[in-house]
Amino acid sequence: MTVAIDTSSLLSLVRYYLPFDVDNKLFDLFKNNIQTSKIVVIDRVYTECDRVSKRIVTETLSYLKKQKTKKHNALYVENTEFLLPPKPKQFYSCVQNQFVNQKVKKDRNITTEELETQKEFFLKGADAGLILFGLNYHHKNPTDDFCIVTEETSSPNDNKLFKKIPALCALNEINIKVVTLPVYLKDILNLNVDYNF
């Protein structure tokens, strides 16, 4: 299985899991999985990580930082700058109609111009980058398992104009599997633990 991991999951990994990883087994497992592209960190997620929480992610996972400086050889950080959706018309229709939280749009009285500006900002962000990467990965590797690892929930609790990753990935036109970091860790560590409380 190949996964693309988001900023919230990397923050959780570094804050809540790695401090208890006394013999660096989890650290080494993540490093190996990133180096072998089983875990994909896209450039937009790297940039977010480098801007939040005093750079705790990029400092702790310093191998990402070292590799990022080698622009032409970016093994560990996938470049999404020129990534286009496999079905552009369908994707941009989704962005316009289904990605937008209509209640927030109505409550905040968003104008057409504001919507276009926010849409452009969203499309350059990490969430859209993860979805575009996932769509392209699935298009090129239809038989491979792919998912996005995120700590986000689908509930719209932050008053943002665009829905969260789990809600977007659940759309029929997108249809990308989403798992949380504990579920992913359970899978890669082959743990027999039930996280459904």
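All figures in this text were calculated on a predicted structure; none of them were measured in a lab.

Asks: Please set out the overall build of the protein residue by residue, giving values where relevant.
Replies: Along the backbone of the protein there are 11 helices and 5 strands. Projected onto its principal axes, the C-alpha positions of the protein cover 55 × 45 × 40 Å. Within the protein, the fraction of its 197 residues that count as buried is 41%. The contacts of the protein with a sequence gap of at least 6 include a subset with a gap of at least 24, amounting to 75%. When the accessible surface of the protein is totalled, it reaches about 11600 Å², and 50% of it is carbon and sulfur. Each charge sign in the protein was given a centre, from 27 positive and 24 negative side chains, and these centres are 2 Å apart.

Asks: Can you explain helix 9 (residues 126–140)? Please cite residues and give values.
Replies: Over its 15 residues, helix 9 extends 21 Å from the first C-alpha to the last, a length consistent with the 21 Å expected when each residue adds 1.5 Å. Taking burial as the measure, the 15 residues of helix 9 include 11 buried ones, the bulk of the element. Buried residues of helix 9: A126, A128, G129, L130, I131, L132, F133, G134, L135, N136 and Y137, and no others.

Asks: Outline the packing of helix 6 (residues 88–97) against helix 8 (residues 112–123), supporting the account with residue identities and numerical values.
Replies: Orientation of helix 6 relative to helix 8, taken along the N-to-C sense of each, is 125 degrees, at an axis distance of 11 Å. With respect to their mutual orientation, helix 6 and helix 8 come out oblique. Crossing angle aside, the handedness with which helix 6 passes helix 8 is right-handed. Facing F91, Y92, V95 and Q96 of helix 6, the residues of helix 8 in contact are L115, E116, K119 and L123. Broken down by class, the residue content of the contact of helix 6 with helix 8 amounts to 5 nonpolar, 1 polar and 2 charged.

Asks: Any chance you could break down the packing of aromatic side chains for me, citing the residues and the numbers?
Replies: This structure, assessed with the given rule, holds 9 aromatic pairs. Summarising the aromatic geometry, the rings of F27 and Y63 are spaced 5.7 Å apart at their centres and angled 80 degrees between planes, so their arrangement reads as edge-to-face. Note that F27 is positioned in helix 2 (residues 25–35) and Y63 in helix 5 (residues 62–68), a separation of 36 residues in sequence. Pair check on accessibility: F27 and Y63 agree, each one buried. Geometrically, the ring pair formed by F91 and Y92 is edge-to-face, given 5.3 Å between the ring centres and 75 degrees between the ring planes. Y92 sits in the partly exposed class, given a relative accessible area of 39%. Feature note: the residues F91, Y92, F99, F122 and F162 constitute an aromatic cluster, connected by ring pairs.

Asks: Residues and numbers for the sheet that holds strand 4 (residues 146–149), please.
Replies: With parallel pairing, 5 strands are arranged side by side in an open sheet as 3-2-1-4-5. Both outer strands of the open sheet, strand 3 (77–78) and strand 5 (177–179), are each paired with one neighbouring strand and no more. Where strand 4 and strand 5 come together, 3 bridges link them in parallel fashion. Among the inter-strand pairings, I148 is bridged to a residue of strand 5, identified as V178.

So, how was this worked out
Residues numbered from 1 in each chain as written. Predicted model: local features only at pLDDT ≥ 70, side-chain atom pairs only at ≥ 80, totals over all residues. Heavy atoms only, no water. Helix = DSSP H or I, 4+ residues; strand = E, 2+ residues; numbered from the N terminus. Buried < 20%, exposed > 50% of the residue type's maximum accessible area, 1.4 Å probe, protein only. Contact = heavy atoms within 4.5 Å. Areas by Shrake-Rupley, 256 points an atom, 1.4 Å probe, with all protein chains shown as cover. Lys, Arg positive; Asp, Glu negative; His and termini not counted. Charge placed at Lys NZ, Arg CZ, Asp CG, Glu CD. Expected span 1.5 Å × (residues − 1). Axes fitted to C-alpha atoms, helices over the stretch in contact; angles between N-to-C directions. Parallel < 35°, antiparallel > 145°, perpendicular 65-115°, else oblique. Left-handed = near helix turned anticlockwise from the far one by under 90°. Nonpolar A, V, L, I, M, F, W, Y, C, P; charged D, E, K, R; others polar. Phe/Tyr/Trp six-rings, centres within 6.5 Å; stacked < 30°, edge-to-face > 60°. Pairing = 2+ DSSP bridges.

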